[in-house]
Amino acid sequence: MSPLEGTIIAAHGRQYRVELADGEILSCFPRGKKSELACGDRVNIQRSGDGQGVIAATAPRHSLLYRSNAVRQKLIAANVTQIILVVATEPSFSDELITRCLVAAESQDMRALIVLNKCDLLDGVAAAHATLAPFASLGYPILPLCARDNADLLRVHLGGQTSVLVGQSGMGKSTLINALIPAAQAATREISTALDSGKHTTTHATLYRLDAQSQLIDSPGLQEFGLHHLSPEAIEQGFPELRPFVGQCRFRNCQHDREPGCAVHAALQQGLIDPRRHAVFRQLQAEVGTPRW
Ligand SMILES: Nc1nc2c(ncn2[C@@H]2O[C@H](COP(=O)(O)OP(=O)(O)OP(=O)(O)O)[C@@H](O)[C@H]2O)c(=O)[nH]1
Ligand SMILES: [Mg+2]
Ligand SMILES: [Zn+2]
């Protein structure tokens, strides 16, 4: 029997929901012990029972979005073409997390878009835009909206893309999904304002189809985005504003901290590089090392 081709549309632990070309959905387990599969992966399935299958093979990926610390890695989504970072006027959000997600996106040549959600909560709008200003001046598009009222503003950015919504808990990722795809019925939950932090409502990634060419993936809220798997070169390349300077330093093995003749440091002093972005760059260097020449 020839294997069936499908796409992983939900990943919970070792169990995967796989959608076949005709729309049938099977509940599948991977054949081996290791399950290194993600939502968005294209797989070959062999039926193993009613509504069930075994994942026999995975097609090569165009991209893989994942995070890692020193000991573990966590796959987020595969074959994604666009990462949509969702932040909101409340609860407060981390600009460091945005930078880290953007470095991950740059390393996979993904498009990146920042959505500023909950713009109906007017009190937080100005502060949120101020936090986002360094990203705007780097050319990352920023789309202010309100998932409850005008989520449609996002639709024009989704055509022909496989997009993943990424961000901290409580920012409104699943609310956006439901607004764009009412049939999705993704769970959403009131944020805990006492803690000024969201509870984790979405527990695993799920892929939803917008039309024949466009998919949207919801993912669980995250607090941190480790990039231990990236090379020092990829970290450098992940900061577009550093690219004009990194080759210009006096020392070839410059760490771009305070060495004499460091072009990056000079640019920082002249206000050409955002100090908070530079600090994250230095922190990532501390995590993965500096390029070896
Ligand atoms: N005022 C306002 N509230 C919103 C808006 N969008 C979402 N919310 C609320 O924000 C809360 C969190 O929304 P969710 O969609 O569950 O957030 P999430 O990002 O999916 O959270 P996790 O699944 O935990 O990562 C819910 O109470 C939503 O109703 C908005 O545009 N305006
Ligand atoms: Mg959610
Ligand atoms: Zn330097």
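Attention here is on the structure that accompanies the text. The model shown is predicted, which means the values in this text are computed figures rather than measured ones.

## Looking at the overall build of the protein
Of the regular secondary structure elements, the protein holds seven helices and 13 strands. Since a compact globule built from 293 residues should have a radius of gyration of about 19 Å, the 20 Å found for the protein is in line with a globular shape. Put simply, the protein has 293 residues, and 49% of those count as buried. The contacts in the protein between residues at least 6 apart in sequence include a share of 64% that link residues at least 24 apart. Summed over all atoms, the accessible surface of the protein reaches about 14,400 Å², with 49% contributed by carbon and sulfur. Of the charged side chains in the protein, 28 are positive and 28 negative; the average position of the first set lies 6 Å away from that of the second.

## A closer look at the pattern of salt bridges
A side chain of one charge can pair with a side chain of the opposite charge if their charged atoms are brought near each other. Under the counting rule described, the total for this entry stands at 11 salt bridges. Between Glu 24 and Arg 47 there is a salt bridge whose closest N-O contact spans 2.8 Å. Linking Glu 24 in the loop between strand S2 (15-20) and strand S3 (25-30) with Arg 47 in strand S4 (residues 42-49), this pair joins segments that are 23 residues apart in sequence. Relative accessible area serves as the criterion here: at 27%, Glu 24 is assigned to the partly exposed category. Among the residues examined, Arg 47 registers a relative accessible area of 39% and is labelled partly exposed.

## With respect to helix H4 (residues 173-180)
Among the residues of H4, Lys 173, Ser 174, Leu 176, Ile 177 and Leu 180 are the ones counted as buried. Down the axis of H4, the smallest arc covering the buried residues is 155 degrees, so these residues share one side. The inward-facing, buried residues of H4 contact strand S8 (82-88), strand S9 (111-117), helix H3 (147-150), strand S11 (162-166), strand S12 (206-211) and strand S13 (214-218).

## Describing the coordination of the zinc ion (ligand 3)
Ligation of the zinc ion (ligand 3) by protein atoms is provided by Cys 249 (SG), Cys 254 (SG), His 256 (ND1) and Cys 262 (SG), these donors lying 2.1 to 2.4 Å from the ion. Each of the four donor atoms bound to the zinc ion (ligand 3) contributes to angles spanning 98 to 115 degrees, and the resulting shape is tetrahedral. Counting along the primary sequence, the residues that act as donors to the zinc ion (ligand 3) give the motif C-x4-C-x1-H-x5-C.

## Concerning the coordination of the magnesium ion (ligand 2)
Taken together, the protein donors to the magnesium ion (ligand 2) comprise Ser 174 (OG) and Thr 202 (OG1), at separations of 2.0 to 2.1 Å. Separated by 28 residues along the polypeptide, Ser 174 in helix H4 and Thr 202 in the loop between H4 and S12 bring together distant segments of the chain. Side by side, Ser 174 and Thr 202 carry an identical accessibility label, which is buried.

Procedures and definitions
- Residues numbered from 1 in each chain as written.
- Chains lettered and ligands numbered in written order.
- Predicted model: local features only at pLDDT ≥ 70, side-chain atom pairs only at ≥ 80, totals over all residues.
- Heavy atoms only, no water.
- Helix = DSSP H or I, 4+ residues; strand = E, 2+ residues; numbered from the N terminus.
- Rg over C-alpha atoms; globule rule 2.2 N^0.38 Å.
- Buried < 20%, exposed > 50% of the residue type's maximum accessible area, 1.4 Å probe, protein only.
- Contact = heavy atoms within 4.5 Å.
- Areas by Shrake-Rupley, 256 points an atom, 1.4 Å probe, with all protein chains shown as cover.
- Lys, Arg positive; Asp, Glu negative; His and termini not counted.
- Charge placed at Lys NZ, Arg CZ, Asp CG, Glu CD.
- Salt bridge = Lys/Arg side-chain N within 4 Å of Asp/Glu carboxyl O.
- Arc of directions from axis to C-beta.
- Donors = N, O, S within 2.8 Å, 3.2 Å for Na, K, Ca; no water.
- Tetrahedral: all angles 85-135°; square planar, octahedral: opposite > 155°, others 65-115°.

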